[in-house]
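Per-entry structural report
Residue-level listing of the chains:
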Amino acid sequence: MHESLTIGQLSDRSGVAPSALRYYERLGLIRAERTGGNQRRYARIELRRVAFIRISQQVGISLEEIRAALDSLPASRTPTAADWARLSSAWRQRLDERIRLMTKLRDDLDGCIGCGCLSLDRCTLYNPGDTLAGEGPGARLVLPRSAAGPAPEQEVGVSPS
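In this text the structure is predicted, and so the values were computed from the model without any measurement.

1. Some words on the overall build of the chain
Scanning the chain from N- to C-terminus turns up six helices and three strands. Taken across its 161 residues, the chain has 25% of its residues classed as buried. Within the chain, contacts between residues at least 6 apart in sequence are counted, and of these 46% link residues at least 24 apart. With an accessible surface of roughly 10600 Å², the chain has 54% of that area assigned to carbon and sulfur atoms.

2. Structural notes on the confidence of the model for the chain
Here the chain averages 77 in pLDDT, while 70% of its residues score no lower than 70. No element of the chain has a lower mean pLDDT than helix 6 (residues 145-148), which averages 51, and none a higher one than helix 2 (residues 18-27), which averages 96. Note on residues 147-161: pLDDT is under 50 here. Beyond four places in sequence and across chains, it has 21 contacts.

3. Observations concerning the packing of helix 1 (residues 7-14) against helix 2
At a minimum axis distance of 9 Å, the contact between helix 1 and helix 2 shows a crossing angle of 105°. One element, helix 1, and the other, helix 2, form an angle in the roughly perpendicular class. Touching I7, L10, S11 and S14 of helix 1 are P18, L21 and R22, all from helix 2.

4. Focus on helix 3 (residues 46-58)
A rise of 1.5 Å per residue sets the reference length of helix 3, with its 13 residues, at 18 Å; its end C-alpha atoms lie 18 Å apart and thus fit the reference within 8%. Every buried residue belonging to helix 3 is among E46, L47, R49, V50, F52, I53 and S56, and all of these are buried. Downstream of helix 3 by one or two residues, G60 has phi in the positive range, about 95°.

5. Observations regarding helix 2
Of the residues making up helix 2, those classed as buried are L21, Y24 and E25. Along the long axis of helix 2, the arc covered by the buried residues comes to 100°, so they all point the same way. Packing partners of the buried residues in helix 2 comprise helix 1, strand 2 (33-34), strand 3 (40-43), helix 3 and helix 4 (63-71). Once helix 2 finishes, G28 follows within two positions and takes phi at roughly 85°, a positive value.

Cut-offs applied
Residues numbered from 1 in each chain as written. Predicted model: local features only at pLDDT ≥ 70, side-chain atom pairs only at ≥ 80, totals over all residues. Heavy atoms only, no water. Helix = DSSP H or I, 4+ residues; strand = E, 2+ residues; numbered from the N terminus. Buried < 20%, exposed > 50% of the residue type's maximum accessible area, 1.4 Å probe, protein only. Contact = heavy atoms within 4.5 Å. Areas by Shrake-Rupley, 256 points an atom, 1.4 Å probe, with all protein chains shown as cover. pLDDT = per-residue confidence, 0-100. Axes fitted to C-alpha atoms, helices over the stretch in contact; angles between N-to-C directions. Parallel < 35°, antiparallel > 145°, perpendicular 65-115°, else oblique. Expected span 1.5 Å × (residues − 1). Arc of directions from axis to C-beta.

Have a look at this one:
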């Protein structure tokens, strides 16, 4: 078996299109050596990097952040389990918050999707009189307060005491 992979082999093994692999290489996310005929050859360790890129993107990590994380890995050896654990722990809190937000969104939209009425009395997305406009753009009642800005003085559906 060869020590290196062609772009076609890396594409087949990783499930990533050759054009995306060339883009990743251009961004410095993966590395290739060139043959005398100027063909790309990828070390087998690039398979792990491509898998890390794909999974990170699927959970919403930007390519810039992925590059910074990959740049922290040793270039002279295959990353160890400890290297990968260090990278994933840096994103753990952020991923936990995304999970919490997605769960809230799923649970809040369940009623709207289930009945289709967008009830103005119960809907957590409704904003009577556009009272939240002063806080800026975005889904103020769904996003966490840290991302959405300051909390409104009165939440929808909560009567003043």
